[in-house]
Structures are given as C-alpha cells and as structure tokens.
Amino acid sequence: MHAEHHTHGGEQPEAGATRHEASPTEHAHHHHPMPPHGVAHAVHLAGSAEGQRVPHAEHAEHAMHSPEVFRRQFWVSLILSVPVILYAETVQSLLGYRAPEFPGSTWISPLLSAVVFLYGGSVFLRGAADELRSRLPGMMTLVGLAISVAFAYSLATTLGLPGEPFYWELVTLIDVMLLGHWLEMRAVGRARGALAELAKLLPSTAERIVDGRTEEIPVSELRPGDLVLVRPGAKVPADGVVESGESEVNEAMVTGESRPVAKRPGDRVIGGTVNGNGSLRVRVTNIGEESFLGEVMRIVEQAQQSRTRMQRLADRVAFWLVLVALSVGAISFVAWLVTTGSLTEAVARAVTVMVIACPHALGLAIPLVIAISTALSAQRGILVRDRTAFERARLVTTVVFDKTGTLTRGELGVTDVAVEPAWDEQEAVRLAASIEAESEHHIARAIRRLAEERRLDLVPAVKVEALPGRGIQAQVDGRPMQVGGPQLLRELNLALPRALDEQVRRWGEEGKSIVYLIADGSVAAAFALADQIRPESYEAVRQLKHIGVRVAMLTGDSEDVARWVARELGIDEYFAQVLPAEKADVVEKLQGRGESVAMVGDGINDAPALVTADVGIAIGAGTDVAIESADIVLVRNDPRDVVTVLALSRTSYRKMVQNLLWATGYNAVAIPLAAGVLAPVGVVLAPAVGALLMSVSTIIVAINALLLRRGTMSAA
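Residues numbered from 1 in each chain as written. Predicted model: local features only at pLDDT ≥ 70, side-chain atom pairs only at ≥ 80, totals over all residues. Heavy atoms only, no water.

**Description of the overall build of the protein**
When you go through the protein residue by residue, the secondary structure sums to 23 helices and 22 strands. Evaluated residue by residue, the protein yields a buried proportion of 54% over its 716 residues. If you take every contact in the protein between residues at least 6 apart in sequence, the share linking residues at least 24 apart comes to 72%. Surface exposure of the protein reaches about 30,400 Å², of which carbon and sulfur atoms provide 57%. (Helix = DSSP H or I, 4+ residues; strand = E, 2+ residues; numbered from the N terminus. Buried < 20%, exposed > 50% of the residue type's maximum accessible area, 1.4 Å probe, protein only. Contact = heavy atoms within 4.5 Å. Areas by Shrake-Rupley, 256 points an atom, 1.4 Å probe, with all protein chains shown as cover.)

In structure tokens, the structure reads:
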C-alpha cells in the first residue's frame, strides 16, 4: 500500500463554509443483525418447504374457510339443487314439462332445500351471527337474513300458510353466492400466494459439514454458526457468509436482481437463492424469523393486513350500505304487501334487495388491491413497511437522492482517460495498471479495475517503490515510469502537454481527482477519478422526469463534484457540502415550498431525513431489510426501483378508486332495481338474479384488481 498520491481537483470552500468531502466508504452500507420481532402472527420458516406454515389475514367474512371449502359446498349444493329446480312449478310451466309424481314427491323440494340451506348456507348464517355479536352488521348479515327469510317463508307455505314457496329461488341463490365466494377466495388466494411461494423457496434439506464430512439434515435443524456445503445448482439453505469458494448466485426470486451475483469469501448469501456453477461453504448466520425471507414475509404480511385511508372509507360506505339495504328491504316489503296484497311478492322483493345490496364488492375492492400490490412489490425487491406511506407515494412531487452509494457506486473509479497523440489509450491503461498491480490504495484499485473491464493483460513491473504523498514508480519493460498526482509533476518540474491541459482543467472544475502516467520523463496520459455514477441512475432520473417528478440530490461532497453529477444526470436541483445532521433540514426546506418529498438514502446516516420526508425510502438494504427509519425498503441498490415505487403507488390507488366507484355505483343502480322501481314497465328481479348480479359485481372488482399483475408499471 503506498501513500496518498493525488490532490483533489475541486475548488476550496469559501471561508466560513463547512467542508465535508464524503469518502467512498463514508456512506457505505453497514449490515446490522436483525432485531427479534414480536410479531403477532409469527412466520415459521423452519422445517421443510411442504411443512411451512404461512399465516395471513383472512378476509373477515371468510375466517377459517378456503377456496376448497367453498368449492366443495358449491358442488354439493348444486347437485342437491337440481331436483328442487326440476320440481319447481315455475320452471315446469316455463319449459313445458311435468316432473314425475310419486308418493312423497311433494316433499323433495322442502327437504333438499333444507339441506342446501343448512349445509350450503351455513357459512352465511355463521358469518351473520358473528357480525351481529360484534355489533357490526355487514355482508353476511344481509345474506344470512335473506336466505333465512326465504326459507322460513317457503317452509311456512308448505305447512299451510297461504302463498307460493320459492324453494328453487332459495337454492339457486345459495348456489350463486357460494360460486361467487369460491371465485373470490381463489382471487384472494392468488394475491396472497406470494407468501407461500416465498416459503417454498427454501430447500427441505441441507448438507452440514461436521469434522470435515457432510451430513444431510432437515433445514429445521440448522443453527447459527453451522457450516453448510452448497453444491453447484443447489439452493442456499439459510442466510450466511461465504467462508470458502467462489460462484455466482441467482437472487432474482428474492431480490428481483435479474443478473447472477458474484459471491466470494466474506460475501453474504440469502437462503432460498440458487447457487451457480461453483461450490460454496457457507457459515449460517440467520434462520427462521430472523432470516431475510422471514423478515420479508413479516413485512409483506403486515402490509397486507394494514388498513389504509381508502380501506377505512370503504368500510364506512359498506356499513351505511347495510343500513340502507335493511331499510329499503323493509320499505319494499311493506310497499309491495300494501299495493299487491301478495305476501310472496313482498318477501321476494325484500330478499332481492338484501341480496343485491351485499357490500361484497365493496369489502373486496381495497384489500385485494393492497394484497396484490404488496406481493408485486416484494417480488421486485420492494418491501412496504408502511402502507399509508406507500399510498402517499402517488402524491410525491420531488424525489431527493443522497448521492454517495445511491446515485453513485460509493467507490472511486476512472471516469475519463486522455493520452498524448503518440500514445495508445489501451496501452496507457495497461502500463498504469501494471505499475499499480500490488498496491491496495483506492486509486490503484480503480485503475486496475478499469484494466480488468477492458480485459487488458498486465506486464510485470520491477523496482516498485512508493513515493509518499506523491505516487509510485517502477520499471516496466526496462523503462522507468511513474503514476502520481499534481505534486509529482511539480517535483519533477514537468509541464502538462497542451493536448492534455484543457481536459485536465475541465476535470478539475468537475471536482475529479487526477493522476498521471509519466513515461521516459514526460507525461503520457492523464486519468480522471471520481465516485462513479451508476449506469441505472441515468434511466432512473429520466423516468422520474417522464412521470412529472422533480429530482434533487444532496451530498457532503464539494460544490464541484455535486455540480458535475447533477449535470451528468440532468438533476433539477442539488445541495452540496451537506452534513448528515443537515439532511433533514434540506427535506424540510423543500416541504416548505409545498413539495411532497420522497427521500432516498441508505437508511443509516440518512435516518433523520428519511423520517422527515413524506415518504422515506431506504435503498440497497441487501439482507438488512429491518430499517426502522424507512417507510419503504429497496433490497437492491438500483435507483430505478424508486420509479417503480411511485408508479405502483399511482396504479394501485387508481385501481382502488375504480373499484370503489364501481362498487358504490353498482349499488346505487341495483338497490332501486331490486326494490321494484321498474315493476310498472314489467322489470322485476328474482332473488336468484339479484344474487347473480351481486356475484358478477364482485368478480368484476376482483378481475380489475388482478389486472395489476398484468399491467405495466408506468404511471398514468
């Protein structure tokens, strides 16, 4: 390692100004061990993939039920309903046939309808009882009351009460309701299936190394500190650190990173990712709830269960809708009984109103969008810790990026090379890297990395000697050469060639560090070094501007460096020489202008600014997803994910509004129709038709929410 051998090319700050040059390591992300979390519904990752339990918040009305339960109830009820429908007087006269009669045939409809009512309708009756016990009448109360009134009235007519029973309408109503619930539960299940898919990522067994030999054990038996062997093509069984071996690991399924990630000793690996062609020995660090997948599942589950402002609005509308439906149903019953004198018609109208007004679509409108958008985010390495903040992200007008490690790589790299006309650029890079071959100085590493990227073969350097404070010298191919900064040029009384002078001056204005290759006593080439801008940053800024969002940047670096990065990326506004404690002040300044601000930082020294911002986004979290200061955590260090956050927030909100408008608009039309306002023109809805319309309304809401999966991430 040789001494510092360059001087910074940027201007000195004015007198009285606080200078804070952020070194590449100053903002480096540090991983902290995940704290234990007292999660109400613990996520268990121990055990085989098949045996893993992934609890989730059930739809309140469907507690303890699954799509399979509704599917079974639907098919059994449908089979029992066929004879009831065939023996219905209305159906026989409509189709022009007579069902066979035999002793007891008159009891086919009452008995089978009773079975369908008690078996198929049981879920609605239990749900209604639960709602009434909690004094929160809702969808189940309406359905339970409707089918109870229909069955009781029909049974009473069978036992002698004047009037016509409508058993076939009753069983058809229950069948349609069960079908609607089955389809809805399938949609909800697919939306929340991301948690189950995450759990399945872990292999069921692991190869633990004990005393130099391997033994195959269930993943549930792994403990922190165990050493495991991960063979080529195998899944990593738990979070850990590579102790030996080199490979590339596919992390796409957990972080959204499309390219395989190189792993060497000391690098972290995530349980559930797929190893490439190399063999790795990994020391286990985290298992179960403390693992990356466990933490992700906890965050996703909490976000899916959280109630947003839109959800609270939908709940209030649903509550009032139930009261309106009960009131309109009672009024319809009285009105029809008085005007027609027919108890059968009066009951039919009341039942139809209660069924068609079920706030099922309303109850599903928001939770399904939340579940799908949260799962979509997690699949892209975007973890929503605060649903309300995610909802606010659609309103963001300015995104503020911390520069170092976010828009830039956080490490020094060669940005420009200039050579004398007689020199070849590739040869200059090769010679400079050869001289710096053994040095661990950050400038030396940057030059070597450039040679590696250009696939240049180095040549042996001899008589290598560090020149403290100035650079390094050596002999290459028998020629004396040096690499150093401006101080070395002054010591050797070397002037810059005219061909390099103008470019070097421009680099200095951009705040870049400059070193020179000196060969045979003259300057052969100049290298400009700076914290390298991520290639993804250009696209991120362009996309943010495309969706109408301003981009600002804050940094502890000098004015020159900040100006250069801002100009390169096309950033609207930048704040230079900002101390970590002052970052929150910058956010407040922007908010004071009326801006809605999203702050993007590493979640450590940016914590005050992340908390102050309207939306705090921690970027490049890697396996440390438990960053308490952030509302949203981005696993990858890719600023383009910020665009995805804003776009998905906008799209999700749009879907919520669409669903809410559809659900309320449908009821505004359907309830008067069910009450019989169009009866004078011959339009009267049967209870079964009302149930069908209600189910279709629910399915439309579910399909609209599911379109989030297929839709693009572009914001409207």
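**Some words on the nonpolar core**
Core analysis: the biggest nonpolar cluster contains 49 residues, and V399, L544 and I617 have the highest contact counts within it. Looking at this core, the element that brings in the most residues is helix α11 (residues 360-379), giving seven residues. In contact with I617, other than residues within four places in its own chain, are A598, M599, V600, G601, L610, I632, L634, V642 and V645. (Core = buried A, V, L, I, M, F, W, Y, C linked by side-chain atoms within 4.5 Å.)

**Some details on the sheet that holds strand β6 (residues 261-263)**
One open sheet accounts for three strands, arranged β6-β5-β8; its pairing is antiparallel. Looking along the sheet, the strands with just one partner apiece sit at the ends: β6 and β8 (274-275). Of the strand pairs in this sheet, strand β5 (residues 247-250) and β6 are connected by three bridges, and their pairing is antiparallel. Looking across to β6, one finds that S247 is bridged to K263. (Pairing = 2+ DSSP bridges.)

**Describing the packing of aromatic side chains**
Inspection of the entire model under this criterion finds two aromatic pairs. Pairing F117 with F151 gives two aromatic rings, centres 4.5 Å apart and planes at 10°, and the pair type is stacked. Remark: F151 occurs in helix α5 (residues 139-158) and F117 occurs in helix α3 (residues 108-119); sequence separation between them is 34 residues. Looking at F117, the relative accessible area reads 8%, which means it is buried. A cation sits over an aromatic face here: R349 above W336, 5.6 Å from the ring centre. One residue, R394, lies across the ring of Y653, its end atom 3.4 Å from the ring centre. (Phe/Tyr/Trp six-rings, centres within 6.5 Å; stacked < 30°, edge-to-face > 60°. Lys NZ or Arg CZ within 6 Å of the ring centre and 35° of its normal.)

**Concerning the pairing of strand β9 (residues 280-286)**
When strand β3 (residues 227-230) meets β9, the two strands line up antiparallel, connected through four bridges. Note on β9: the bridge partner recorded for L227 is R283. The pairing of strand β4 (residues 239-244) with β9 spans five bridges and is classified as antiparallel. When the sheet's bridge partners are listed, G240 is paired in β9 with V284.

**Focus: a nonpolar patch on the surface**
A contiguous nonpolar surface patch, about 340 Å² in accessible area, is contributed by W662, L692, V696 and I700. Note that L692 resides in helix α23 (residues 687-710). Here L692 falls in the partly exposed class, since its relative accessible area comes to 48%. (Patch = residues over 30% accessible without salt bridge, like charges linked within 9 Å, V, L, I, M, F, W, Y side chains within 5 Å. Salt bridge = Lys/Arg side-chain N within 4 Å of Asp/Glu carboxyl O.)

**Here's the deal with the packing of helix α14 (residues 425-435) against helix α15 (residues 442-453)**
One way to put it is that α14 packs onto α15 with a least axis distance of 9 Å and a crossing angle of 135°. Compared by their axis directions, α14 and α15 come out oblique. Here α14 and α15 pass one another in a crossing that is left-handed. In this structure, α14 contributes V429, A432 and A433 to the contact, and α15 contributes I447, R448, L450 and A451. The residue inventory of the contact of α14 with α15, partitioned by class, reads six nonpolar, no polar and one charged. (Axes fitted to C-alpha atoms, helices over the stretch in contact; angles between N-to-C directions. Parallel < 35°, antiparallel > 145°, perpendicular 65-115°, else oblique. Left-handed = near helix turned anticlockwise from the far one by under 90°. Nonpolar A, V, L, I, M, F, W, Y, C, P; charged D, E, K, R; others polar.)

**Topic: the side chain of Q73**
Inspection of the secondary structure assignment puts Q73 in helix α1 (residues 67-86). Look at Q73 and you get buried, because its relative accessible area is 6%. In this view, Q73 contacts Y119, S122, V123 and L178; residues no more than four positions away in its chain are not counted.

**Thoughts on the environment of V701**
Secondary-structure assignment places V701 in helix α23. Judged by relative accessible area, V701 falls into the buried class, the value being 0%. Sequence separation of V701 and A663 is 38 residues, and the distance between their C-alpha atoms is 7.7 Å.

**What about the packing of helix α10 (residues 343-356) against helix α22 (residues 640-675)?**
Where α10 contacts α22, the axes come no closer than 8 Å and their chain directions differ by 170°. Accordingly, the angle class assigned to the pair α10 and α22 is roughly antiparallel. Contact with α10, carried on its side by R349, T352, V353 and I356, involves Y666, N667, A670, I671, A674 and A675 of α22 and no other residues of that element. Of the residues in the contact of α10 with α22, the class split is seven nonpolar, two polar and one charged.

**Observations regarding unusual backbone geometry**
In most cases, non-glycine residues show a negative phi, while peptide bonds are predominantly trans. With phi around 55°, D211 is a residue other than glycine that occupies positive phi space. By the secondary structure assignment, D211 is in the loop between β1 (205-210) and β2 (213-218). The backbone of K463 shows a phi angle near 55°, a positive value even though the residue is not glycine. In this structure, K463 sits in strand β13 (residues 461-467).

**Points about α14**
Of all 11 residues in α14, eight are buried; the element is thus mostly enclosed. What α14 keeps buried is the set A428, V429, R430, L431, A432, A433, S434 and I435. Two or three places before Q426, at the opening of α14, D424 has a side-chain oxygen 3.2 Å from that residue's backbone nitrogen. (Polar contact = N/O pair within 3.5 Å; in protein donor to acceptor, adjacent residues only side chain to side chain.)

**Focus on helix α20 (residues 583-592)**
Within the span of α20, buried status applies to K583, A584, V586, V587 and L590. Down the axis of α20, the smallest arc covering the buried residues is 160°, so these residues share one side. Phi for G594, located one or two positions after α20, is positive at around 95°. (Arc of directions from axis to C-beta.)

**Some points on the sheet that holds β9**
The strand order across the open sheet formed by six strands is β2-β1-β3-β9-β4-β7, and the pairing between neighbours is antiparallel. Edge positions in the sheet fall to β2 and β7 (268-269), since each of these pairs with one other strand and no more. Bridge analysis of β1 against β2 gives six bridges, and the strand direction is antiparallel. Within β2, the residue paired with R208 across the bridge is E215.

**Overview of the pattern of salt bridges**
Within this structure, the stated rule accounts for 28 salt bridges. For R133, the salt bridge identified is with D130, shortest N-O distance 2.3 Å. Linking R133 with D130, this pair stays in helix α4 (residues 122-133), spanning three residues, or about one helical turn. Here R550 ties to E573 by a salt bridge, and the two come within 3.2 Å at their closest N and O atoms. Taken as a pair, R550 in strand β18 (residues 550-554) and E573 in strand β19 (residues 573-575) lie far apart in primary sequence, 23 residues in all. Taken together, the shared-partner salt bridges connect D416, R506, E510, K512 and R567 into one network.

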